[in-house]
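# Remarks on the overall topology
Listed here are the chains, written in short residue letters.
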Amino acid sequence: MCHEINGNNNQYHQHQTLFSKKLLSAVLFSTLANLSLVTSSAYALDNSAISAQAPAINRDGVKVWTYKEQGNPAVSYQASVTLNTSLNNTIALITNHKTAAEWAPYVGKIEVISPLNAEGVMIYRMELDLPFPMTDRDVVIKSQLRQRNTGEVWLENTAITDARAPEREGLVRVKHYQGSWQLRPLKNNQLEVTTNGYADLGGAIPLSFSNLFVKQQPYQMLVNLRRYLQENPNKQLASN
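Another aspect to go through is the overall build of the chain. From N to C terminus, the chain includes 5 helices and 10 strands. Partitioning the contacts of the chain with sequence separation of at least 6, the portion at a separation of at least 24 is 62%. Element-wise, carbon and sulfur atoms account for 49% of the exposed surface of the chain, whose accessible area totals about 11,800 Å².

A few words on unusual backbone geometry. Although it is not a glycine, Asp-60 adopts a positive phi angle of roughly 55°. Within the secondary structure layout, Asp-60 lies in the loop between strand S1 (57–59) and strand S2 (62–67). Of note in the backbone geometry, Tyr-106 takes a positive phi value of approximately 70° without being a glycine. With respect to the helices and strands, the residue Tyr-106 is situated in the loop between helix H4 (87–94) and strand S4 (107–114).

With 8 of 10 residues buried, strand S10 (residues 191–200) is to be regarded as a mostly interior element. Strand direction decides the pairing type here: strand S3 (residues 76–83) and S10, joined by 7 bridges, are antiparallel. By the bridge assignment, Val-81 is partnered in S10 with Val-193. Both strand S9 (residues 176–185) and S10 contribute to a ladder of 10 bridges, which runs antiparallel. Residue pairing for S10: Ser-180 is matched across the bridge by Asn-196.

Within the chain, residue pLDDT values average 77, and 72% of them lie at 70 or more. Within the model, the stretch residues 1–45 combines pLDDT values under 50 with 102 contacts to residues more than four positions away or in other chains.

The rules behind the values
Residues numbered from 1 in each chain as written. Predicted model: local features only at pLDDT ≥ 70, side-chain atom pairs only at ≥ 80, totals over all residues. Heavy atoms only, no water. Helix = DSSP H or I, 4+ residues; strand = E, 2+ residues; numbered from the N terminus. Contact = heavy atoms within 4.5 Å. Areas by Shrake-Rupley, 256 points an atom, 1.4 Å probe, with all protein chains shown as cover. Buried < 20%, exposed > 50% of the residue type's maximum accessible area, 1.4 Å probe, protein only. Pairing = 2+ DSSP bridges. pLDDT = per-residue confidence, 0-100.

The structure is reproduced here in structure tokens:
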């Protein structure tokens, strides 16, 4: 559930500059207003409607909600936390493939297929190292970075098929995954981070583990994200 930018720092900042100019244009803002986020009905739901329910996990400043949607066999999740950090640092971290395994649970090898372009789109293949005796997974993800006129930044992700990343022996390909990150700046250099979506891991995954995974993975991911940002306040977080 992490995302990365390939290339050196100069390329990253060039992409960000081009992307920021597009985001600040009135034309793009009006275009974004007419775009649907993703095809899953999960993103048609109001975040506040979900958060009004009792969370499945509520500890260490992190809340996780789980819910079922009609026609979707996988359990969906929403998780949120408030961070004492900047928007730029957080974006830089969650889009850095080189540090992903240090804070994102179960994430192993990541291969960039198409690096971030001026439209904020990137494609990558990610391997998931699952506990024994389960078979490891991989997934090919298209990630779209957007900014709204409210100042919020969204990173929307969906599993795709790409001929440049064929299925590999010994790995189960995850074919049904959608997720997003919503970063909302608050006062006093605080940032509200919300992540939601679902993943059907496929293969012979016991329902008990699948349900536990949906709760624990986003919780641990946000705890680790906060810890990493606290422990590396001056570290260059962008991919290089």
